[in-house]
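Coordinates in review
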Amino acid sequence: MELDAPPLSSSEIARIARRIERPLVLVGMMGVGKTTVGRRLATMLHLPFLDADEEIERAAQMPIPEIFSTYGEPYFRDGERRVIVRLMGTGKHTDRKVLSTGGGAFCNTETRTLILDKGIAVWLDSDVDTLLERVGRKDNRPLLRTGDPREILTRLKAEREPFYSQAPIHVTSGAQPHNVTADKILKAIDQWL
């Protein structure tokens, strides 16, 4: 896909939106832009947006860093899995929506299987330098509090890519506006459907 390709028109976006019959689920590393791009996609598609991390905090009634420090990562991951099951919907048909997941969610076998079976998984990818710049804007990343953020991000990216690569759609997010990334995702979905 050309970087200077014209953005999708509103009628093209509407045509793609009509073809999306399952939740659109963004997976990828922390800092890649899943929440921001997800909100933009939801607006473009006129679909509801849900952020799994926000829903986890709401269910636990505490911020994610506090969940990690109080109960540990395994407890958090189990809660994350249960919240994503609820957000994806139950039964044979799930609601159309855009869902952004936490960076480690797609690494859980049950969660990944659910997303691949009932959703349209989009791996939003980025290089470590971009991730480092973006995660440095906030101090709410528990996994980055245990050492050098660059080393941790590099290691996590390498460990998680085999899982992320199972998503049928792969889009790179770089130093462009989020609407450009959202447009790239919609074009990729259109080709995949």
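The model shown is predicted, which means the values in this text are computed figures rather than measured ones. Residue positions are given per chain, counting from 1 as you read along its sequence in written order. Per-residue local features are limited, in this predicted model, to residues with pLDDT of at least 70; the limit for side-chain atom pairs, both in listing and counting, is 80 or more; totals at the level of whole chains, interfaces and linings are taken over all residues. Computation of side-chain values: all heavy atoms of the structure, hydrogens and water removed.

Section: the pairing of strand E4 (residues 120-125)
In terms of burial, E4 is largely enclosed, as 6 of its 6 residues are buried. Think of it in three bands: residues with accessible area under 20% of the maximum for their type are buried, residues over 50% are exposed, and the middle band is partly exposed, with areas taken using a 1.4 Å probe on protein chains only. A run of H or I in DSSP becomes a helix once it reaches four residues, and a run of E becomes a strand once it reaches two; helices and strands are each numbered from the N terminus. In E4, alternate side chains face the same way, and those of Ile120, Val122 and Leu124 on one face and Ala121, Trp123 and Asp125 on the other are all buried. Here, a strand pair is defined by DSSP locating no fewer than two bridges between the strands. Alignment of strand E1 (residues 24-27) against E4, held across 4 bridges, turns out to be parallel. Counted as the bridge partner of Val25 is Ala121 from E4. Sheet topology note: the E4/strand E5 (residues 169-172) ladder contains 4 bridges and is parallel. Bridge pairing in E5 links Asp125 to Thr172.

Considerations on unusual backbone geometry
A positive phi angle, close to 60°, is found at His46, a residue other than glycine. Non-glycine residue Gln61 carries a positive phi angle of around 55°. Its location among the elements puts Gln61 in the loop between helix H3 (52-60) and helix H4 (64-71).

Let's talk about the pattern of salt bridges
Two side chains carrying opposite charge are able to pair once their charged atoms lie near each other. The term salt bridge refers to a pairing of a side-chain nitrogen on Lys or Arg with a carboxyl oxygen on Asp or Glu at a separation within 4 Å. Tallied over the entire structure, the rule returns 15 salt bridges. Residue Arg81 pairs with Glu110 through a salt bridge whose shortest N-O separation is 3.8 Å. Residue Arg81 is located in helix H5 (residues 73-88), and its partner Glu110 is located in helix H6 (residues 109-118); the two are separated by 29 residues in the primary sequence. Here Arg81 falls in the buried class, since its relative accessible area comes to 17%.

Concerning the confidence of the model for the protein chain
A score between 0 and 100, pLDDT records how confident the predictor is in each residue. Residues with a pLDDT of 70 or more make up 90% of the protein chain, whose mean pLDDT is 88. The secondary-structure element of the protein chain with the lowest mean pLDDT is helix H7 (residues 128-135), recorded at 83, while E1 shows the highest, at 97.

Let's talk about the environment of Leu131
Within the element layout of this structure, Leu131 appears in helix H7. Its relative accessible area of 0% is what places Leu131 among the buried residues. Sequence separation between Leu131 and Thr154 is 23 residues; the distance between their C-alpha atoms is 9.6 Å. Should any heavy atoms of two residues lie within 4.5 Å, those residues are counted as being in contact. Excluding residues within four positions of it along the chain, Leu131 makes contact with Met29, Met30, Gly31, Val32, Ser126, Leu153 and Lys157.

Some points on the packing of H7 against helix H8 (residues 149-164)
Each pair of packed helices gets described by two things: the angle between the helix axes and the distance between those axes. Only the stretch in contact is used when fitting a helix axis, every axis being a line fitted to C-alpha atoms; angles between N-to-C directions are given from 0 to 180 degrees. At a minimum axis distance of 10 Å, the contact between H7 and H8 shows a crossing angle of 125°. Of the possible angle classes, the one that applies to H7 and H8 is oblique. By crossing handedness, the relation of H7 to H8 is classed as right-handed. Between H7 and H8, the residues in contact are Val128, Asp129, Leu131, Leu132 and Val135 and Pro149, Arg150, Leu153, Thr154 and Lys157, respectively. Residue type decides the class: Asp, Glu, Lys and Arg count as charged, Ala, Val, Leu, Ile, Met, Phe, Trp, Tyr, Cys and Pro as nonpolar, and the leftover types, Gly among them, as polar. In terms of residue class, the contact of H7 with H8 is built from 6 nonpolar, 1 polar and 3 charged. In this scheme, roughly parallel covers angles under 35 degrees and roughly antiparallel covers those over 145, while 65 to 115 is roughly perpendicular and the rest are oblique. Left-handed describes a crossing in which the near helix is turned anticlockwise from the far one by less than a right angle; the clockwise case is right-handed.

Thoughts on the side chain of Asp51
Mapped onto the secondary structure, Asp51 falls in strand E2 (residues 49-51). At 5.4 Å, Arg39 is the nearest oppositely charged side chain to Asp51, a buried residue that forms no salt bridge. N or O atoms within 3.5 Å of each other form a polar contact, as long as, within protein, one can give a hydrogen and the other can take it, and as long as residues adjacent in sequence are counted only when both atoms are side-chain atoms. Of the polar contacts made by the side chain of Asp51, one reaches the side chain of Thr35; its length is 2.4 Å. Here Glu54 takes part through its backbone nitrogen, which lies 2.8 Å from a polar atom of the side chain of Asp51. Just so you know, the count uses Lys and Arg for positive and Asp and Glu for negative, and it drops His and the chain ends.

Brief notes about the side chain of Ser100
Of note, Ser100 is situated in strand E3 (residues 98-100). For Ser100, the side chain forms a polar contact with the side chain of Asp51, separated by 3.0 Å. Ser100 has contacts with Leu26, Lys34, Thr35, Phe49, Leu50, Asp51 and Ala52, leaving out every residue within four places of it along the chain.

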